[in-house]
Structures are given as structure tokens and as C-alpha cells.
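# Notes for the structure review
Chain residues, written in single-letter form:
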Amino acid sequence: MLHPDFQNYAHYFYESRLKEAVAAAFERFENRLNEIRDGARKSAVKGISGHALVYKLFEVKALKRPYSKLGGTPTARAAYEQGLTGILSGAVSWIRNAYSHEKHNLPDPTPTEALELLFVASYFMRMLDLAKR
């Protein structure tokens, strides 16, 4: 049920290494952003990483808003794009960074909480797939 890029991470979950499962999924998400950046070959995104990269990728049109029919006015379309860039950027700065750099400051997730975060990561990967087309 999860994004195909996460298939090799199931062992973390089955080994009860739940923080590592979440970290691996969101690190893959960030790495996908980096791959899109590198494939874009645009000087404006060169050297950009982390949460700021999402905004730059949309700005230079390396990513396009999925579901382009959403928003009947320029204001509504801008709001959808702002919302999408915000949650994708937040995934890097709020979840990925915390689970990769400060696991010790996070409580151990329950299996349900870990699955919820994995589903979020999977959904974000699918949005990147759609935005890259």
C-alpha cells in the first residue's frame, strides 16, 4: 500500500525499529527532492536543499501543481500551490529533520503512529510523482 520507493524499508517496522522506519521514509522523500533538483539542471536550484528546495522547485517549474483543475481563480490556484509547497516543505523541516537528527528528543512512536507517518510520507512521494509529470 505504500509508495514503491519504501518497499525496502519494511524490515525496520518488522524489527520494531519504528523511528528508523519513519526516518528512512522521510529521508527518501528528501532524496527524491534532491533527484528532481539535480535532474532539473537549473542554476536557480543548484545548491539548494532542505525545506527551501520545495519552494524553489515549484518556482522554476521543475515541479508543477498536481490536479491543475483545482482552483477556479488565480487566487484559489495560488492558495492550493502555497498549501502544497507548505506541507511538502514542512515534511522535510518538521518530520525528516526531527527523525534524522533528534530521534533522542522524540518519544517512541506506537506502531499505529509509525504507520500514520509512513502513510503521510507515501502520500507526499505520490504528490512528487504527480508534480513531476
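In case you missed it, the structure is sitting above this.
Read on for a plain summary of the structure.

Here is what the cut-offs are and how they apply
- Residues numbered from 1 in each chain as written.
- Predicted model: local features only at pLDDT ≥ 70, side-chain atom pairs only at ≥ 80, totals over all residues.
- Heavy atoms only, no water.
- Helix = DSSP H or I, 4+ residues; strand = E, 2+ residues; numbered from the N terminus.
- Buried < 20%, exposed > 50% of the residue type's maximum accessible area, 1.4 Å probe, protein only.
- Contact = heavy atoms within 4.5 Å.
- Areas by Shrake-Rupley, 256 points an atom, 1.4 Å probe, with all protein chains shown as cover.
- Lys, Arg positive; Asp, Glu negative; His and termini not counted.
- Charge placed at Lys NZ, Arg CZ, Asp CG, Glu CD.
- Phe/Tyr/Trp six-rings, centres within 6.5 Å; stacked < 30°, edge-to-face > 60°.

### Some thoughts on the overall build of the protein chain
On a plain count of helices and strands, the protein chain comes out with five helices and zero strands. Put simply, the protein chain has 133 residues, and 40% of those count as buried. Considering only residue pairs separated by 6 or more positions, the protein chain has 68% of its internal contacts joining residues 24 or more positions apart. Carbon and sulfur atoms provide 53% of the accessible area of the protein chain, an area that totals close to 7900 Å². For the protein chain, the separation between the mean place of its 19 positive charges and that of its 14 negative charges on side chains is 12 Å.

### Looking at the environment of leucine 70
Following the sequence through the fold, leucine 70 ends up in the loop between helix 3 (51-59) and helix 4 (74-101). Note: C-alpha distance between leucine 70 and asparagine 97 (27 residues apart in sequence) is 31 Å. Among all residues touching leucine 70, those that are not within four sequence positions of it are Arg65, Arg77 and Tyr80.

### So, the packing of aromatic side chains
A complete count under the given rule lists five aromatic pairs for this structure. Measuring from ring centre to ring centre gives 6.4 Å for tyrosine 9 and tyrosine 12, while their planes differ by 40°; the resulting arrangement is tilted. For tyrosine 9, a relative accessible area of 22% corresponds to the partly exposed category.

In short, geometric facts, not functional conclusions.
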